[in-house]
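A look at the structure
Listed here are the chains, written in short residue letters.
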Amino acid sequence: MQSSLFFRVFCFCGILFGALQALLAAVQGASAGETVFIGLSAGLFFGLFLAAFVTAAHHWRLKKTGMNPATTDTRVDVQERITLPLPSDQALALCRSAVTQVPRASDVQVDAAAAMVAARVGMSWASFGEHIECRVTPAEGAAVVSIRSRPVLATTLVDYGKNRENVERIRAYMARQASPAPAPQA
């Protein structure tokens, strides 16, 4: 999983930086051969350095939050489903309550007609903010809740596990709240 993250960051940042350096060299009057050399070498070195740094920081953050970097998906748009033994209206109320448990969650909106809760999470060092959605679908004697957390900025390549953390926090809260309380011991 980490190698695909490294490759994405390397390609995006290396190519972009290399192209900008080549353009700058061309504007300053470098020959075609010099322009290509400058662009390729700058893109290669900058891309390798930045990809190594970002991948290491991502790995460290995942370990710090208790996730396994070797098995954690590196995508920034995270979706998960949970089945709750509740009617749809109670599941929707639980979704609202769960979303408010996410730090910096704001602008929580409940659309009962669409059976959806939406919120925005403010900016942190790990991201420019996230959009969270919980959609409730009725099922036989239960409700299926689809939880999604994605970056506000669509071009985000790395979120250091922030969206995965949001989804896990909401899922764990709903699972705890929806589980039946243990019977009192006599």
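One can find the structure itself at the top, above this paragraph.
The rules behind these values
Residues numbered from 1 in each chain as written. Predicted model: local features only at pLDDT ≥ 70, side-chain atom pairs only at ≥ 80, totals over all residues. Heavy atoms only, no water. Core = buried A, V, L, I, M, F, W, Y, C linked by side-chain atoms within 4.5 Å. Buried < 20%, exposed > 50% of the residue type's maximum accessible area, 1.4 Å probe, protein only. Helix = DSSP H or I, 4+ residues; strand = E, 2+ residues; numbered from the N terminus. 1 Å grid on protein atoms, 1.4 Å probe; cavity = no way out; pocket = protein on both sides within 12 Å on 5 of 7 lines; lining within 4 Å. Points joined across faces, edges and corners; volume = space filled by probe spheres on them. Nonpolar A, V, L, I, M, F, W, Y, C, P; charged D, E, K, R; others polar. Pairing = 2+ DSSP bridges.

Once that is clear, we can look at the nonpolar core. Ranked by internal contacts, the top residues of the largest apolar core, which has 26 residues, are Leu-84, Cys-134, Val-136, Val-145, Ile-147, Ile-170 and Met-174. Going through the elements one at a time, strand S1 (78-84), helix H3 (88-99), strand S3 (116-121), strand S4 (130-139), strand S5 (142-151) and helix H4 (162-178) are the ones with two or more residues in this core. The leading source of residues in this core is H3, at six residues. Grouped together as the second largest cluster of nonpolar side chains are nine residues, Cys-13, Val-54, Ala-126 and Val-158 included.

This next bit is on the layout of surface pockets. Estimates place the volume of the largest pocket at around 320 Å³. As for the largest pocket, its lining consists of 16 residues, of which Phe-128, Thr-155, Thr-156, Leu-157 and Val-158 are closest to the centre. Of all elements in the fold, only helix H1 (2-27) and helix H2 (32-64) reach the threshold of two or more residues within the lining of the largest pocket. With three residues, H1 is the largest single contributor of residues to the lining of the largest pocket. When grouped by side-chain class, the residues that make up the lining of the largest pocket number twelve nonpolar, four polar and no charged.

Moving on, we come to the pairing of S5. Both S1 and S5 contribute to a ladder of seven bridges, which runs antiparallel. Bridge assignment links Glu-80 to a residue of S5, and that residue is Ile-147. Relative to S5, S4 runs antiparallel, the two being bridged by ten bridges. Paired with Ala-139 across the strands is Ala-142, a residue of S5.

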